[in-house]
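Observations on the three-dimensional arrangement
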Amino acid sequence: MTMERKNSAALQNCAMVSTKDLDKNDPGALFAWVMDALMLGIGVGFDTVGQDKNFQIYAPTEPAVTYEIPDTREGWVESVRLLINSFLRPNQNIQQFNYDLIRPLGAPIKGFGGVASGPAPLIRLHDTIRTVVGSRTGETLDSRAIVDIINLIGTCVVAGNVRRSATLALGAAGDEDFINLKNVDVFPERNSFDSEKPGWAWMSNNSISATVGMDYEQYVDRIVDNGEPGFIWLDVARNYGRLADLPDGKDYRVMGFNPCAEQPLESYELCTLVEVHLNRHESKEDFLKTLKFAYLYGKTVTLLPTHWQQTNGIMQRNRRIGTSLTGIASFADQKGLPHVS
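Residues numbered from 1 in each chain as written. Predicted model: local features only at pLDDT ≥ 70, side-chain atom pairs only at ≥ 80, totals over all residues. Heavy atoms only, no water.

Considerations on the nonpolar core
By size, the foremost hydrophobic cluster in this structure holds 61 residues, and its most contacted members are Phe31, Trp33, Met35, Leu122, Leu125, Leu141 and Ile153. Counting residues per element, the ones that place at least two in this core are β1 (14–17), α1 (28–39), β2 (43–47), α2 (73–88), α3 (120–134), α4 (143–158), α5 (176–179) and α9 (309–318). Those residues within four positions of Leu122 in sequence are excluded, and the remaining contacts are Met35, Ile69, Trp76, Ser79, Tyr99, Ile102 and Cys156. Core analysis: the next-biggest nonpolar cluster, separate from the first, contains 7 residues, Leu170, Ile232, Ala237 and Val254 among them. (Core = buried A, V, L, I, M, F, W, Y, C linked by side-chain atoms within 4.5 Å. Buried < 20%, exposed > 50% of the residue type's maximum accessible area, 1.4 Å probe, protein only. Helix = DSSP H or I, 4+ residues; strand = E, 2+ residues; numbered from the N terminus. Contact = heavy atoms within 4.5 Å.)

Side note on the packing of aromatic side chains
Counting across every chain of the model gives 7 aromatic pairs. Ring centres of Tyr216 and Trp233 lie 6.5 Å apart, and the angle between their planes is 70°; this geometry places the pair in the edge-to-face category. Here the residue Tyr216 occupies a position in the loop between β6 (205–209) and α6 (220–226), and Trp233 occupies one in the loop between β7 (230–232) and α7 (234–239), the gap between them amounting to 17 residues. You can call Trp233 partly exposed: its relative accessible area is 33%. Taken together, the aromatic side chains of Tyr216, Tyr219, Phe231 and Trp233 make up a single cluster linked through ring pairs. (Phe/Tyr/Trp six-rings, centres within 6.5 Å; stacked < 30°, edge-to-face > 60°.)

As for the pairing of strand β3 (residues 61–68)
Examined bridge by bridge, β3 and strand β4 (residues 93–98) share 5 bridges and lie parallel to one another. If you follow Val65 over to β4, its bridge partner there is Gln95. Following the backbone out of β3, through α2 and into the adjacent parallel β4, one traces a crossover that is right-handed. (Pairing = 2+ DSSP bridges. Right-handed = clockwise from strand over helix to strand, strands pointing away.)

Quick look at the side chain of Glu266
Take Glu266: it is sitting in the loop between β9 (264–265) and β10 (269–277). Residue class for Glu266 comes out buried when judged on its relative accessible area of 5%. Among the polar contacts listed, one links the side chain of Glu266 to the side chain of Asn318, at a separation of 2.8 Å. Ignoring any residue separated from it by four or fewer positions in sequence, one finds Glu266 in contact with Met16, Arg253, Val254, Met255, Ile314, Arg317, Asn318 and Arg320. (Polar contact = N/O pair within 3.5 Å; in protein donor to acceptor, adjacent residues only side chain to side chain.)

Considering the confidence of the model for the protein
On average, residues of the protein score 93 in pLDDT, and 98% of them reach the 70 mark or higher. Here α6 stands out as the element of the protein with the lowest mean pLDDT, 91, in contrast to β4, whose mean of 98 is the highest. (pLDDT = per-residue confidence, 0-100.)

In structure tokens form, the structure reads like this:
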């Protein structure tokens, strides 16, 4: 995947894309990028800024056109791009699909391992997008529609056997629809636990783009109910490396965070995360040596090109990495903890 196909994206952990980059000539491309990243095992943060672009949702027209989906990741991604464009571009034909080439349920997957899910998750994704987006003909692509599309994409990807899916939605403060996306009383369909018609609200962590000093009272009831929304202060992330230092504004291009919110990122940027297991070390020197090589590995991965040109330029400028530490409880079980009198 990395050397033969010239694609290091499968080595990456997280990404961010801003819907400010929705292209009126190809709006489906951004959503396709999200699906491509998720299928490669990359968690994706995204925002709802694109609602300010006032994309209208159109009703596709006859005659219908059919896309024969290749049995590839790229084929699945392209099908979603075509379907979304049929709703977000004027005078588009109804988009239909032929699924005959897709390998059946249980067939081996050679690239990532595991077995295939068959075409069922993709068929369900197409059908649900037609229902959820198509039912809003004449309206504009608002925050709910943006989150719906990406959440639905996530449910398709996570159904694909060995793949996992993680997303973070970043919405505007005061956006009532966004605040209530996980409120079953307001949006019962997207929060449904019915096995026949399951919801998709669970497919993202939802956070508010907050500003220092704002009033948080209106969000308290929702947080008490389900722990969300969270809060992300982009102004702080853009201006500070560490809060102990003076503001420097070096990250003014930051548009959001990865799904676990460890790393501020620009639109279409990736972050390379490395994990170190503390309990697998016999000495401090051994631990420090591991940290050194974890750092070198992470920085090396940032040098490898992905198949996304817009991402490669950003990666070469920033080369962000992160090192996490795990095995702390196991280390304490094995070695004990220092006693402080």
